[in-house]
Amino acid sequence: DGGITQSPKYLFRKEGQNVTLSCEQNLNHDAMYWYRQDPGQGLRLIYYSQIVNDFQKGDIAEGYSVSREKKESFPLTVTSAQKNPTAFYLCASTSRRVSTTNEKLFFGSGTQLSVL
Amino acid sequence: EDQVTQSPEALRLQEGESSSLNCSYTVSGLRGLFWYRQDPGKGPEFLFTLYSAGEEKEKERLKATLTKKESFLHITAPKPEDSATYLCAVWGSGGYNKLIFGAGTRLAVHP
């Protein structure tokens, strides 16, 4: 079945540690996104990528980094510079490049990151 | 500034008690308004896309409608399994390409 796989489902970060969240899709989609979700708030965009080896910052990119070495994969690293990382992280994708799309996003099942 | 506002924040219904959720939006050149359902600890699940004022979409007990300024998600005779958070989103304008989400409405349907 086609879809987006996020792992792990739960992740714990220690002080000063970098952690990486995995996102893999087999939908052959061009564009991929990372959103952060906090209780009572809308989803906020961290980074997005329209093509391999290219990505753009979203609204809250500070303390995060990404890579897009393969079309199928868009991992997110939460660095030690992100002082409030506890949140639910969602990866999403869509088939067209974002500048022209009017299509929906497909979402993964999410990763809950907590600080120890 | 592009914006999506959902109301109410939370809604409690008795099973069978119909109601509506509201999504107000401000964006230049609507490229689609999307409704998603999200269960706790899971990713959003797509429900509907609406593209132009007057458009309506239905799925089981849910019906989504669109005007030039807002969208409604009507829930007819809800069941406990309809309990979830419902999210509304629009594509942003002005070259900043992101799907802008409202904060959602938490719906609880009690037997």
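Located above this text is the structure these notes cover.
Procedures and definitions
Residues numbered from 1 in each chain as written. Chains lettered and ligands numbered in written order. Predicted model: local features only at pLDDT ≥ 70, side-chain atom pairs only at ≥ 80, totals over all residues. Heavy atoms only, no water. Helix = DSSP H or I, 4+ residues; strand = E, 2+ residues; numbered from the N terminus. Rg over C-alpha atoms; globule rule 2.2 N^0.38 Å. Buried < 20%, exposed > 50% of the residue type's maximum accessible area, 1.4 Å probe, protein only. Contact = heavy atoms within 4.5 Å. Areas by Shrake-Rupley, 256 points an atom, 1.4 Å probe, with all protein chains shown as cover. Lys, Arg positive; Asp, Glu negative; His and termini not counted. Charge placed at Lys NZ, Arg CZ, Asp CG, Glu CD. Buried area = accessible area lost by both parts, 1.4 Å probe. Salt bridge = Lys/Arg side-chain N within 4 Å of Asp/Glu carboxyl O. Polar contact = N/O pair within 3.5 Å; in protein donor to acceptor, adjacent residues only side chain to side chain. Pairing = 2+ DSSP bridges. Core = buried A, V, L, I, M, F, W, Y, C linked by side-chain atoms within 4.5 Å.

Colleague: What is the right way to look at the overall build of chain A in this model?
Modeller: Assigned secondary structure in chain A consists of zero helices and 11 strands. Written out in order from the N terminus, the α and β elements of chain A read β-β-β-β-β-β-β-β-β-β-β. The globule rule puts the C-alpha radius of gyration for 116 residues at 13 Å, and the 13 Å found for chain A is close to it. Across its three principal directions, the C-alpha atoms of chain A cover 40 × 30 × 30 Å. Of all 116 residues assigned to chain A, the portion counted as buried reaches 49%. Contacts spanning at least 24 positions in sequence make up 54% of the contacts within chain A whose residues lie at least 6 apart. Summing over all exposed atoms, chain A offers an accessible surface of approximately 5,500 Å²; the carbon and sulfur share of this is 46%. Averaging the locations of the 13 positively and 11 negatively charged side chains of chain A gives two centres separated by 3 Å.

Colleague: Whenever I open this one, the interface of chain A and chain B confuses me. Can you help?
Modeller: Interfaces are often sized by the amount of accessible area the parts lose when they come together. Counting residues at the interface gives 26 residues for chain A, matched by 20 residues for chain B. Where chain A abuts chain B, roughly 1,800 Å² becomes buried across the two surfaces, and 54% of that area is made up of carbon and sulfur atoms. Contact with chain B buries surface across chain A, with Asn102(A), Lys104(A) and Phe107(A) losing the most and accounting together for 26% of the total. Applying the counting criterion to the chain A and chain B interface returns one salt bridge. For the interface between chain A and chain B, the tally reads six residue pairs in polar contact (both at pLDDT 80 or more). Secondary-structure elements contributing two or more residues to the side of chain A that touches chain B are strand 4 (31-37), strand 5 (44-51) and strand 9 (87-94) of chain A. The element that contributes the greatest number of residues to the side of chain A that touches chain B is strand 4 of chain A, accounting for three residues.

Colleague: I would appreciate a short explanation of the pairing of strand 5 of chain A in the present structure.
Modeller: Along a regular strand, successive side chains alternate from one face of the sheet to the other. All names here are of chain A. By the criterion of burial, strand 5 is predominantly enclosed, with six of the eight residues buried. The antiparallel pairing of strand 4 with strand 5 creates a hairpin that spans six residues between the two strands, and Gly40 there sits at a positive phi of about 80 degrees. Where strand 5 meets strand 6 (residues 54-57), three bridges bridge the pair, whose relative direction is antiparallel. Within strand 6, the residue paired with Ile51 across the bridge is Asp54. Counting the residues in the hairpin turn of strand 5 and strand 6 gives two residues, including Asn53, whose phi is positive at 65 degrees.

Colleague: Whenever I open this one, the pattern of salt bridges confuses me. Can you help?
Modeller: For side chains of opposite charge, pairing can occur when their charged atoms come near one another. Counted under the stated rule, the structure contains eight salt bridges over all chains. The shortest N-O distance in the salt bridge between Glu55(B) and Lys57(B) comes to 3.5 Å. Look at the salt bridges and you will find they share partners, linking Arg36(A), Asp38(A) and Arg44(A) into a network.

Colleague: Hey, could you run me through the nonpolar core in this one?
Modeller: Among soluble globular proteins, nonpolar side chains are generally buried collectively. Core analysis: the biggest nonpolar cluster contains 24 residues, and Leu33(B), Trp35(B), Leu73(B) and Tyr86(B) have the highest contact counts within it. For this core, the secondary-structure elements that each account for two or more residues are strand 2 (10-14), strand 3 (19-26), strand 4 (33-38), strand 5 (45-50), strand 7 (62-66), strand 8 (70-75), strand 9 (84-91) and strand 11 (105-110) of chain B. Looking at this core element by element, the count peaks at four residues for strand 9 of chain B. Among all residues touching Leu33(B), those that are not within four sequence positions of it are Cys23(B), Tyr25(B), Phe48(B), Thr49(B), Leu50(B), Leu66(B), Ser71(B), Cys88(B), Ala89(B) and Val90(B). Core analysis: the next-biggest nonpolar cluster, separate from the first, contains 20 residues, Cys23(A), Ile60(A), Ala61(A) and Ala87(A) among them.

All quantities given are derived from atomic positions and should not be read as evidence of function.
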